Structure formats: structure tokens, C-alpha cells
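Structural features, examined
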Amino acid sequence: MTLQPARRVSVLGATGSVGVQTLAVLSHLGLAAVCLTGGRNSRLLETQARQFAPQAVALSDPDAARDLKIRLADTSVAVLSGPEGICEAAACEAADTVVAAISGLAGLRPVLAALRPGRRLALANKEALVCAGALVTAAVRAQGCTLLPVDSEHSALFQCLRGEDPSSVERLVLTASGGPFFGLDRDALRRVTPAQALAHPTWRMGPKITVDSATLMNKALECLEAMYLFSVPMARIEVVVHRQSIVHSMVVFRDGATVAQLGPPDMRLPIQYALTFPVRMPSPLPPSDWAAAPALTFAPPDEDAFPALALAREAAARGGTAPAVLSGANEAAVSLFLAGEIGFLDIAARTAAALAAVPPDGGSLEDILEADRAARAFVRARR
Ligand code: MG
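Residues numbered from 1 in each chain as written. Predicted model: local features only at pLDDT ≥ 70, side-chain atom pairs only at ≥ 80, totals over all residues. Heavy atoms only, no water.

**Things to note about helix α12 (residues 268-276)**
Each α-helix turn comprises 3.6 residues. Residues three or four places apart therefore point the same way. Stated formally: Partly exposed residues are those whose accessible area sits between 20% and 50% of the maximum for their type, while under 20% is buried and over 50% is exposed, using a 1.4 Å probe and protein chains only. Numbering goes from the N terminus for both helices and strands, where a helix is a DSSP run of H or I of at least four residues and a strand is a run of E of at least two. A contact between two residues is defined here by any heavy atoms of the two lying within 4.5 Å.
When you tally the buried positions in α12, you get seven out of nine residues, the bulk of the element. If you check which residues of α12 are buried, you get P270, I271, Q272, Y273, A274, L275 and T276. Residues of α12 that are buried make contact with β1 (8-12), α1 (17-29), β5 (97-100), β6 (120-123), β7 (146-149) and α7 (152-161).

**As for the coordination of the magnesium ion**
In plain terms, the rule: Metal donors: N, O and S atoms at distances within 2.8 Å, or within 3.2 Å for Na, K and Ca, with water omitted from the atom set so that some sites may seem incomplete.
All of the protein donors around the magnesium ion are D151 (OD), E153 (OE) and E222 (OE); their distances to the metal are 2.1 to 2.2 Å. One chain supplies every donor to the magnesium ion, and in sequence these donors are spaced D-x1-E-x68-E. Residue E153 is found in helix α7, and its partner E222 is found in helix α11 (residues 217-230); the two are separated by 69 residues along the sequence. With respect to burial, E153 and E222 carry one shared label: buried.

**A few points about the pairing of β1**
The test is simple: Between any two strands, at least two bridges found by DSSP are needed for them to pair. We call a crossover right-handed when, viewed with both strands directed away from the observer, the connection leading from the first strand over the helix to the second proceeds clockwise.
Counted residue by residue, β1 has four buried out of five residues, so it is predominantly covered. Pairing geometry for β1 and strand β2 (residues 32-38), over three bridges, is parallel. Across the sheet, the residue bridging to R8 is A32, located in β2. In this view, the connection linking β1 to its parallel neighbour β2 by way of α1 has right-handed handedness. Sheet analysis places β1 next to β5, joined by four bridges and oriented parallel. Paired with L12 across the bridge in β5 is A100.

**Thoughts on the domain arrangement of the protein chain**
To keep things clear, this is the line we draw: Where a domain begins and ends is set by an automatic assignment or by a domain database. Two parts placed together each lose some accessible area; with a 1.4 Å probe, that loss summed over both constitutes the buried area. The term salt bridge refers to a pairing of a side-chain nitrogen on Lys or Arg with a carboxyl oxygen on Asp or Glu at a separation within 4 Å.
Domain parsing of the protein chain yields domain 1 (8-149) and domain 2 (164-264 + 297-318). Centre-to-centre separation of domain 1 and domain 2, based on C-alpha positions: 27 Å. Tallying the contact residues gives 11 residues for domain 1 and 12 residues for domain 2. At the boundary of domain 1 with domain 2, total buried surface from both sides reaches about 960 Å², with 66% on carbon and sulfur atoms. Three residues stand out in domain 1 for area buried against domain 2, namely K126, L129 and V130, and they jointly supply 55% of the buried area on that side. Summed over the shared surface of domain 1 and domain 2, the result is two salt bridges.

Have a look at this one:
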């Protein structure tokens, strides 16, 4: 049976940056929302529930869920609570498509709960693939789901690879904006502040991923994501800095041809593609005017100033739960940086130390969650 475009969609992480943009796409395409979930933002989820009239909503924070239940008392929307409530919403049968946009490892269990035969999973949660790539891709295959990447680079790679034989692929080239600190050396990076790290030149995103973009850890995690998603070894995944964020990624084929996907840096585009694939629909974005486009530039990343890419290669080489250690350690270090407790360069330093110290054993869901916990504890203990 060929895949039909999405019609009834559940959005996990509806109150976050990708979630809010996903709802804008649902509105534009006239698609129904089945379940909407969030963390603790009961006000925003109330507004979204009144606009989209889903069957159910869920908040992972029980106090916020209680508040939401009161706010929605005059409606027929069911209110679920806690991490179990999120998984219940993810599993809800009425959706043909689930957009997984919860940020962090908290999104992993809901992703696994969302898998159903024939269902479309539009995956925006990086950590599910980075930390549990083997587990998630195996579960997707076993359940007969279609996995569509929402991350702009992976959506681009998916589009470039469409219809191509895997044996034709020479390498994947992920583009990186370079973030706000492109061109700075280690000495300058030592002094940058959280406020400077949060000012991204092209993409509008949440704080954690914006800092990851400044350290290039976002690109490092995306390399791991691509490795699992497209079954391409890390040695054949390359990163180039492309300041304009117009080429979203490229595939180099073995005949020497490169296929790239281009478009404005707007997440609504990859979100919409993940929902309408295998067809394309008109979007609300202005038409591309290539005659007026800026010059497109490409440069190698400065791996001395930004050691994150080397850490991703190391995590891939160590295997097992090493990617989960990398991700968990980085997230803990980013929190310390945003709280003003450590410097910008300490983010990668602490992450590297955790990667070296926490053993990468196992690969089960429990092993992955434990590796994440151990990595975070290691980073926090080294104040
Ligand atoms: Mg991305």
C-alpha cells in the first residue's frame, strides 16, 4: 500500500518551538489534531486545544496537567497527566501520523509508544535517534512504520536520496550555519556569554539547541542522527559550514554528482514535507527568487575551536551507549553554561571528559537511560 499524506495528526511537544510551527502547518494544510502534548505550559496548551479541538491533551508535569484540566473543564477534551499520559497520547489509535517534537531524551519513550503498523512517524526529536538509533530504527522496521525526518538537514538528505540506490552513495554532506561564533578562535570563545550564544544568525529555535548550534554540537548530534537514519558509516558523513543556511544538506554520489536540497531556513518546510510525503503541497512561504539569492559559500569547520564533531566521531567509534553519554553530558553542560556556572569552552571539555569516563556498555532502553543519567551526574559533579 502506498503511503497517503497525513490527515489526522498527534503532536508530541506541541508547546515547543517545532510543535508550535507544526500546528501552523496543520492549520495551513487543514489537517486535524488528534492529541497534543506538552511539558508544563498549560496556558499555551489550553489555547492550542481550543483552536484544534483534539480528543486529548497531555502535560508531563502533573501540577500543570491539573491546572489544564480546570482550564478545559467546559470542553470535551480529555486531559492526561505525567509521562504515562504523554505515552498514552502518543499511542492513541485515531492518529495516522505522529509528530515527535519533544526535546531531549524524555522524547524517547513516547516515540516508541507511538509506533503502530502503517503509521507515519515525523521525527523531530534528535535524542531518540542519537541515543537510541539502533533501537528506534529496529522498532520502526518491526512495527512497519514510515519514519520521516523533520530536522532540516535530514529532511534534505532524505529528499536527495529519494529513488537512489544506497550503493550509489559516496558520502553525506551536512551543512552547518556555523552559529554566532563562526570565525572566533579559542581565546575569543573563552569569553563569550550565554546571551551571545543565544543570538543565532539564521534559525529560530529553543535555547538548548541554539547553544548546541554555537558549539557545533548540534551538527555533531546530527551526524550521529544521519548515521542511524540512513545507515551510512560516520567516516562517510562530512560537515561543511554554509553561512546562508539555504543549502540544507547534500549527497555526493559515486559518479561524482552532488545532489543538494535548497530552500529558505524555515522549519515549516521540512515539517510540511514530513506530513505530505510522498506528495508536495503549496506552502505559505514566499516563492524562491534565485536571481536575487545571496552568494552561497562553503568552508570546512574549524575543528580546533569547535571540538564537537571529533566527539561525535569518537562516540560513533566507541559504539554502545557512547552516543547517549555524549548527548546527556552535553545537555548537562549546556545547562551549567546557561546558568553562568561554566564557560563556553567547558561545554565540550566536560562532555569529552564524560565520554572518556562513562563506560559505553549495552544498548537496551534501560542501558541508554542509565548512560544518560551517569553522564549528567559526571558533568554536574565536576563543578
Ligand atoms: Mg538541524
